[in-house]
Amino acid sequence: MSFSTPIALVLLVVLPVLAWIGRPRLAYRRRRDLASVLVRLIIVSCLILALAGLQRVQAADRLAVVFLLDNSDSISPAARDQAQTYIRDALSHMSPDDRAGVIVFGQNALVERPLSNAKDLAAITSAPISLNTNVAGAIRLALAMFPGDAAKRVVLLSDGDETRGSALEAAQLAAATNVQIDTVPLPQRSGQDMAVTNVRLPSKVNTGEQFDVGVTVQSGGDASATLTLLAGGAVVAQKVVQLKAGANNFVFTLTVKNQGFDDFRVRVDPITPDTFYQNNELSGFTEVTGPPRVLLVSPKPEETAALLPALQNSGVQVDIVAPGDLPTGLAALASYKSVILANVSATTALTMQRMKLLQTYVRDLGGGLVVIGGPDSYGVGGYFQTPLEETLPVEMRIKDEKRIPKLTMVYVIDRSGSMEEVGPSGVTNLELAKEAARRSIAFLYPQDRAGVLSFDSNPEWLVPIQNVTNRDAMNNQIGSLRPGGGTDIFAAVKVFAEALPADPSTLKHVILLTDGGADPTGIVDMVAKLNKDYGVTVSTIGIGSGVPPFMADIAKAGKGIYYNLVDLQTIPQIFTAETVLATRSYIVESEFNAKQTADTPMLTGITALPSLLGYVATTAKDTAIVSLSVPGYDDPLLASWQYGLGRAVAFTSDATARWAKNWTSWDQFGRFWSQVVHYTVGEGSGNKLESHVEQRGDQSVLVVDARDINGAYLNSLNLQASVVDPKLGAQAIALQQVAPGRYEIPIDPHQEGSYFIRVGGSNPNDPASAAAQTTGWVLSYSPEYRLHATNFGLLDDLGRLTAGETLVAHPEKVFAHDLSRETAATPVWPILLLLAILLLPLDIALRRLSLTADDLRRAEAWLRARLGVRRLTPAFGTVGAASSPRLSRLMDAKERAAAATPASNGNVPTMASAPDQPASASLTPEPPKEKPAPVLPAAKPGTTANTLASRLVAERKKRGG
């Protein structure tokens, strides 16, 4: 026996008190009181033992087994099938009282089957992360599954290739809880394998310096392979190599030209079959030091004809590229302190991926961004609802609706079956068109009107032309668009040509999107007449290389723009740009003098500004600083803000002779743009911080050492870090100081590849302590893909720590009851509580009821009457025997009452004449000598029965009469 709450046993001290209070005090009821006290003490004892959690402890002959199935990449599919067959064979030997569960594990552990007595195993459906092996996590999960009333056994089916956690520590915990771990070794993947195991690079090199890139390739045997070195995603060296079993070392010699960060990637391409592809690549970083550089992006030379020499004459080192050559990797972009976009359109040059890259560069790496306007930028360049708009301090949409004339937009979308083709973006052309229509409608104002006309062989108004007051309903209708059959452009043009002439809007614009050919007869003439008679403009978008030439003719006749797209990801930007152009209000071309509205370092030393001839209208965001604005509407001309770790500046006019004719000849032109660029570069000295990532077991730790220029520690800094992963996902973290001048924080990288880390901060009480640094780090492939043999040593150690054994060929031993039995505790309190409830009525009866022999006689008589049984021998005497004094007294009283009642003839009746007694003289006692009662006259014949009451009534009447 045991108790779950033994502290409740202190209540037993009340038993003596209850015994004393209930002790017998009257001699004649001593036995009843003693019985009552005893019953009450039993009830209270039962309740106290129930509160104390009385349990019955006994040995249980039950066994619980949890199978741990390794599902990491180092296990071949054949070995996994072999392991599942082993588990099924073992389950067939399970006893009825046994239980079995299955855990599938890799980097994490998942319960495939909870503990159950079922002897079958369904197909494995759990899919843990397979790029690592965490045996410790699986063991800990198994320990949490075991019940307390059974012997416990873990069966580990694995190759023992542990890459995460400590299985030995988990095994020590299992041994402490009396859990045995048996092992079933599984073979690793077989076959020839080669892996790049090391890339050696100097951490820093100077511009123009020659350096070596060392590479180590591990091979499982003799093989041939191609070794490739890439920098910034471009191949810089390649050679065919002969590999021998073991480690093979190679060297590439390079000369660096551009400063910043260079990410190098080494790839080995085996000529013979390979086991793992994941270990065929490895990356490395080096930082190229030199003067700061900026990247100037422009579609045409005339956009930078005045700007480029002005910046260069101001001491700014500038690299110039076309929008299509903008780096697609973060490492290449991070080598620049700032990026300048000069009249760059998002509809033709900036893909969504490039805009996301710029956003990450500014927000998470602290880079600078300057966007210079022009007729192809901002709203008219398709920046609306893009990552570029999120990064800039201005919005593309004008908030003042009175400035915009009423506009009707009609979207004519081809819904033929070919629109279901999936493009590079991963979605179908039709889905891109639907998203483009939604984004364009979002740009419109409530007083504007819009309609969506879809067509295949037959046109259909998906959204009839209506005011843009319920965008949600319109978007839902657009979402219901589904592909159909052929392509009949003429029928679609005829439908909107009938609807638009009567539309009340001032401006009417149509966007026609199609990917297929059709009969051009009559289409161009109809569009030309529509434009001439009603001012309806038409732009066309042709998808693919097989678009017929008449699509350009349609746009020309409708005085719109023709787009021939191969990369369809820009369709949403084109739709919004067309919406802006259709309003004819976002490009403002008139001479004005900008007015300064805020102080800024960008205007230091500049007292007067020449006039400008035009700009693109935008709206400043709430937290933006507008340094220059346009008189009249107060549209922002020069706006800036802090975006994440970096700064972004928007200049809505241009830097060419188009609108800035008076600026290009201005003597302060170079100074102005130099100060704008330097403003975005930011503050702080990067040489105060030294950042690197250390691997401590399973954990990656970012370590930052902070010193001033004299080598003294910088303490109490509020350092923040932004960690950018290979897919441009950013993690913002705050570092903690752990020692003088040292700050650390664990990071949690999940993706293999190159990481960029931007660290910055200062002491709040010392602004001069501001410091920042950008560095890189590479997370190599998982140790799961290293070249090594099955780790049987770990499996043996696990068995030895827990008294387990290897059960390779003996699945029947898995459920052998050869473990020490576990004791099982069964609670007794329900029985005790039931006993107390049953004894309670008995306790009440003993204290409240008094039973005599007469009560027993009556009970016996009642029982016999109910059963119909007659007793020949009286059990408790007869009535005539007067067996008790009390009965005798009752009989005497009854006789006296009978004697006192007068008979009908005036005589006192005797007992013999009583109707309820037998006529027996021997039972009639002699009547007592008392004064006779007055004799009342007899009742008259025919009256009520001759009773005492009637005679009394008659006597009263007589006397009264």
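Residues numbered from 1 in each chain as written. Predicted model: local features only at pLDDT ≥ 70, side-chain atom pairs only at ≥ 80, totals over all residues. Heavy atoms only, no water.

1. Section: the overall build of the protein
Here is step 1: In terms of helices and strands, the protein carries 22 helices and 42 strands.
Here is step 2: Per-residue burial over the protein gives 46% buried out of 961 residues.
Here is step 3: For the protein, the computed accessible surface area is about 46000 Å², with 54% contributed by carbon and sulfur atoms. (Helix = DSSP H or I, 4+ residues; strand = E, 2+ residues; numbered from the N terminus. Buried < 20%, exposed > 50% of the residue type's maximum accessible area, 1.4 Å probe, protein only. Areas by Shrake-Rupley, 256 points an atom, 1.4 Å probe, with all protein chains shown as cover.)

2. Overview of the sheet that holds strand 17 (residues 317-321)
Here is step 1: Read across the open sheet, the eight strands follow the order 17-16-18-19-33-32-31-28; overall the sheet is mixed. The open sheet has two edge strands, strand 17 and strand 28 (595-596), and neither has a second partner.
Here is step 2: Of the pairings in the sheet, the one linking strand 31 (residues 625-629) to strand 32 (residues 636-643) comprises four bridges and is antiparallel in character. The residue of strand 32 that forms the bridge with I625 is S640.
Here is step 3: Relative to the sheet, helix 17 (residues 669-681) contacts strand 16 (293-297), strand 18 (338-342), strand 19 (368-372), strand 32 and strand 33 (646-651), its axis offset from that of strand 33 by approximately 150°. (Pairing = 2+ DSSP bridges. Contact = heavy atoms within 4.5 Å. Axes fitted to C-alpha atoms, helices over the stretch in contact; angles between N-to-C directions.)

3. Quick look at the side chain of D193
Here is step 1: Turning to its location among the elements, D193 is positioned in the loop between strand 7 (179-185) and strand 8 (194-200).
Here is step 2: At 3.0 Å, the side chain of D193 forms a polar contact with the side chain of N279. (Polar contact = N/O pair within 3.5 Å; in protein donor to acceptor, adjacent residues only side chain to side chain.)

4. Focus: the environment of S454
Here is step 1: Along the chain, S454 falls in strand 22 (residues 449-455).
Here is step 2: Ignoring sequence-local partners within four residues, the contact set of S454 consists of I413, R415, P459, E460, L462 and L481.
Here is step 3: Looking at S454, its side chain comes within polar contact range of the side chain of R415, at 2.6 Å.

5. A closer look at the packing of helix 12 (residues 489-499) against helix 13 (residues 523-534)
Here is step 1: Helix 13 packs onto helix 12 with a crossing angle of 15° between their chain directions and a minimal axis gap of 10 Å. Here helix 13 runs roughly parallel to helix 12, going by the angle between their axes. Pair helix 12 / helix 13 crosses with left-handed handedness. Only I523, M526, V527 and L530 of helix 13 make contact with helix 12, whose side of the interface consists of I489, F490, V493, K494, F496 and A497.
Here is step 2: Class assignment for the residues of the contact of helix 12 with helix 13 results in nine nonpolar, no polar and one charged. (Parallel < 35°, antiparallel > 145°, perpendicular 65-115°, else oblique. Left-handed = near helix turned anticlockwise from the far one by under 90°. Nonpolar A, V, L, I, M, F, W, Y, C, P; charged D, E, K, R; others polar.)

6. Side note on the packing of aromatic side chains
Here is step 1: Under the definition given, this model contains 15 aromatic pairs.
Here is step 2: On the numbers, 5.4 Å between centres and 75° between planes, the contact of F592 with Y615 is edge-to-face. You can see F592 sitting in the loop between strand 27 (587-588) and strand 28 and its partner Y615 sitting in strand 29 (residues 615-616), a full 23 residues away along the chain.
Here is step 3: In this structure Y615 comes out as buried when scored by relative accessible area, which is 2%.
Here is step 4: Ring-pair connections join several aromatic residues into one group, and the members of that group are F651, W663, W666, F669, F672 and W673.
Here is step 5: Sitting over the face of the ring of F252, K239 holds its NZ or CZ atom 4.7 Å from the ring centroid. (Phe/Tyr/Trp six-rings, centres within 6.5 Å; stacked < 30°, edge-to-face > 60°. Lys NZ or Arg CZ within 6 Å of the ring centre and 35° of its normal.)

7. Here we look at the pairing of strand 10 (residues 210-219)
Here is step 1: Most of strand 10 sits inside the fold, with seven of its ten residues counted as buried.
Here is step 2: Pairing between strand 8 and strand 10: six bridges, direction antiparallel. Looking at strand 10, one finds that R200 is bridged to G214.
Here is step 3: In the sheet, strand 10 pairs with strand 13 (residues 246-255) via ten bridges, with the strands oriented antiparallel. Paired with Q218 across the bridge in strand 13 is A247.

8. Re the nonpolar core
Here is step 1: L341, F672 and W673 are the most contacted members of the largest nonpolar core, which totals 86 residues.
Here is step 2: Those residues in contact with L341, other than ones at most four positions away along the chain, are V297, L350, L358, L369, V370, V371, I372 and L388. (Core = buried A, V, L, I, M, F, W, Y, C linked by side-chain atoms within 4.5 Å.)

9. Observations concerning the sheet that holds strand 34 (residues 689-696)
Here is step 1: Taken together, the four strands give an open sheet; going across it, the order is 34-35-39-38, and neighbouring strands pair in antiparallel fashion. Each edge of the open sheet carries a strand with a single partner, namely strand 34 and strand 38 (736-739). Between one strand axis and the next, the sheet turns through 35° on average, direction left out of account.
Here is step 2: Sheet topology note: the strand 35 (residues 699-706)/strand 39 (residues 742-747) ladder contains six bridges and is antiparallel. Looking at strand 39, one finds that V701 is bridged to P746.

10. Brief notes about the confidence of the model for the protein
Here is step 1: Scored by pLDDT, the protein has a mean of 83; 86% of the residues are at 70 or more.
Here is step 2: Across residues 875-883 the pLDDT falls below 50, and counting only partners more than four positions away or on other chains, this stretch makes ten contacts in the model.
Here is step 3: Contacts of residues 903-925 to residues separated by more than four positions or lying in other chains number 24 contacts, the stretch itself having pLDDT below 50. (pLDDT = per-residue confidence, 0-100.)

11. Topic: the environment of L481
Here is step 1: By the element assignment, L481 lies in the loop between helix 11 (471-479) and helix 12.
Here is step 2: Taking relative accessible area as the criterion, L481 reaches 3% and is therefore assigned buried.
Here is step 3: On a C-alpha basis, the gap between L481 and L462 in space is 7.5 Å, while along the polypeptide they are 19 residues apart.
Here is step 4: The contact partners of L481, leaving out residues within four places of it in the chain, are I413, R415, L430, K434, S454 and L462.

12. Regarding the packing of helix 2 (residues 30-51) against helix 19 (residues 829-848)
Here is step 1: As a packed pair, helix 2 and helix 19 sit with axes 8 Å apart at the nearest point and diverge in direction by 160°. Looking at the two axes, helix 2 sits roughly antiparallel to helix 19. The element helix 2 and its partner helix 19 pack so that their crossing is left-handed. For the pair helix 2 and helix 19, contact is made by R32, A35, S36, V39, R40, I42, I43, C46, L47, L49 and A50 and by W829, L832, L833, L835, A836, L839, L840, L842, D843, L846, R847 and R848, respectively.

13. Quick notes on the pattern of salt bridges
Here is step 1: Under the criterion given, the structure shown has 21 salt bridges.
Here is step 2: Put simply, E395 and K399 hold a salt bridge, and the shortest N to O gap is 3.2 Å.
Here is step 3: Look at E395 and you get partly exposed, because its relative accessible area is 24%.
Here is step 4: Through salt bridges with shared partners, a single ionic network connects E303, D654 and R658. (Salt bridge = Lys/Arg side-chain N within 4 Å of Asp/Glu carboxyl O.)

14. A short note on a nonpolar patch on the surface
Here is step 1: Judged by side-chain polarity, I7, V10, L11 and L51 come together as a nonpolar surface patch covering roughly 400 Å² of accessible area.
Here is step 2: What makes I7 exposed here is its relative accessible area of 63%. (Patch = residues over 30% accessible without salt bridge, like charges linked within 9 Å, V, L, I, M, F, W, Y side chains within 5 Å.)

15. A closer look at unusual backbone geometry
Here is step 1: A positive phi angle, near 70°, is found at L728, a position not held by glycine.
Here is step 2: Looking at the secondary structure, you find L728 in the loop between strand 36 (718-724) and strand 37 (730-734).
Here is step 3: In this structure L728 comes out as buried when scored by relative accessible area, which is 15%.
Here is step 4: You will see that A803, though not glycine, has its phi angle at about 60°, which is positive.
Here is step 5: Classification of A803 by relative accessible area gives exposed; the value is 60%.

16. Structural notes on helix 3 (residues 77-91)
Here is step 1: An ideal rise of 1.5 Å per residue puts 21 Å on 15 residues; helix 3 measures up with 21 Å between its terminal C-alpha atoms.
Here is step 2: Residues of helix 3 that are buried include every one of A79, R80, A83, Q84, Y86, I87, A90 and L91, and no others. On an axial view of helix 3, the arc spanned by its buried residues comes to 155°, and they lie on one face.
Here is step 3: Each element contacted by the buried residues of helix 3 is listed here: strand 3 (63-70), strand 4 (99-105), strand 5 (109-116), strand 6 (151-158) and strand 7. (Expected span 1.5 Å × (residues − 1). Arc of directions from axis to C-beta.)

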